[in-house]
Amino acid sequence: MALTREEREQFLAEPHIAALAVDAGAGRAPLTVPIWYQYEPGGDVWIMTGLESRKNELIKAAGRFSLMVDRLEPTIRYVSVEGPVVETVPATVELLREMSARYLPAEKVDGYVDFAWNNHGEQVVVRMRPERWVSSDLGQV
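Throughout, residues of each chain are indexed from 1 in the direction in which the sequence is written. Thresholds applied to this predicted model are a pLDDT of at least 70 for local features of residues and 80 or more for the giving and counting of side-chain atom pairs; totals over whole chains, interfaces and linings are not thresholded and use all residues. Note: side-chain values were computed over all heavy atoms of the structure, leaving out hydrogens and water.

Description of the packing of aromatic side chains
The condition is simple: In summary, the pairing rule links any two rings of Phe, Tyr or Trp, Trp by its six-membered ring, whose centres are within 6.5 Å, and it sorts them by plane angle into stacked for under 30 degrees, edge-to-face for over 60 and tilted for everything else. Under the DSSP-based scheme used, a helix requires at least four consecutive residues in state H or I and a strand at least two consecutive residues in state E, with every element numbered from the N terminus. Note on classification: 1.4 Å probe, protein chains only; a residue is buried when its accessible area is under 20% of the maximum for its type, exposed when over 50%, partly exposed between these limits.
The final tally for this structure, using the stated rule, is three aromatic pairs. With centroids separated by 5.6 Å and ring planes inclined at 50 degrees, the aromatic side chains of Trp36 and Tyr112 adopt a geometry described as tilted. Of this pair, Trp36 sits in the loop between strand E2 (31–35) and strand E3 (45–50) while Tyr112 sits in helix H4 (residues 106–119); the two residues are 76 residues apart in sequence, bridging distant segments of the chain. For Trp36, a relative accessible area of 24% translates into the label partly exposed. Looking at Tyr112, the relative accessible area reads 26%, which means it is partly exposed. Note on Tyr39 and Trp133: the rings are 6.2 Å apart at their centroids and 65 degrees apart in plane angle, and the pair reads as edge-to-face. Pair noted here: Tyr39 is in the loop between E2 and E3 and Trp133 is in strand E7 (residues 132–137), with a separation of 94 residues, a long-range link. An identical accessibility class is assigned to Tyr39 and Trp133; each is buried. Through a chain of ring-to-ring contacts, the aromatic side chains of Trp36, Tyr103 and Tyr112 assemble into a single cluster.

What to know about H4
Condition: To estimate how far a helix should reach, multiply one less than its number of residues by 1.5 Å.
Taking 1.5 Å per residue as the helical rise, H4 with its 14 residues ought to reach 20 Å, and the 21 Å between its terminal C-alpha atoms agrees with that figure. Once H4 ends, the next one or two residues include Gly121, with phi positive near 80 degrees.

Some thoughts on the pairing of strand E5 (residues 77–90)
Cut-off, in case you're wondering: Two strands are said to pair when DSSP picks up at least two bridges between them.
Note: strand E4 (residues 64–71) against E5, eight bridges, orientation antiparallel. Note that in E5 the partner of Phe65 across the bridge is Gly83. The hairpin formed by E4 and E5 contains five residues between the paired strands. Alignment of E5 against E7, held across six bridges, turns out to be antiparallel. Each bridged residue has a counterpart across the sheet, and for Glu82 the counterpart in E7 is Arg132. Bridge analysis of E5 against strand E6 (residues 123–128) gives five bridges, and the strand direction is antiparallel. Bridge pairing in E6 links Thr88 to Val126.

Regarding the side chain of Arg102
As a reminder, the rule being used: Only four residue types enter the charge count, namely Lys and Arg as positive and Asp and Glu as negative; His and the chain termini do not. Any Lys or Arg side-chain nitrogen found within 4 Å of a carboxyl oxygen on Asp or Glu counts as a salt bridge. Residue contacts are defined here by distance: any two heavy atoms, one from each residue, within 4.5 Å place the two residues in contact.
With respect to the helices and strands, Arg102 occurs in helix H3 (residues 93–103). Buried and unpaired, Arg102 has no salt bridge, with Glu98 as the nearest side chain of opposite charge at 7.7 Å. In this view, Arg102 contacts Leu12, Ala13, Glu14, Pro15, His16, Tyr37, Gln38 and Tyr39; residues no more than four positions away in its chain are not counted.

Interpretation note: all reported values are geometric properties and have no functional meaning in isolation.
Structure, rendered in structure tokens:
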């Protein structure tokens, strides 16, 4: 059963690990990788990735990407969202902290942020405007 707009936006706003997919060019399947993301209902989705990463290069070339998140309990549910890139900006330590706090226990955030900021190289934030949604909840399957 498809989710309502409110249900799918709320589900996407939860801290799931997303599968990001982006066109990888002629003769290649889409690049599909796990990624942290941030989303608030009604807004844009954003991810953080390396400035010189293959992922960022492919997103720039395609101008769009998709994310899919799912769960198995208490019911099998998924939301997939696809749309155009609306902004790419340099990452900040504040945005890294926001993203890290979404996924890590509070006592791990500072250590992770310090490590990532000093070791992951130059990062960018890529914002995508959700344009197409596919969602379902399989109930008590």
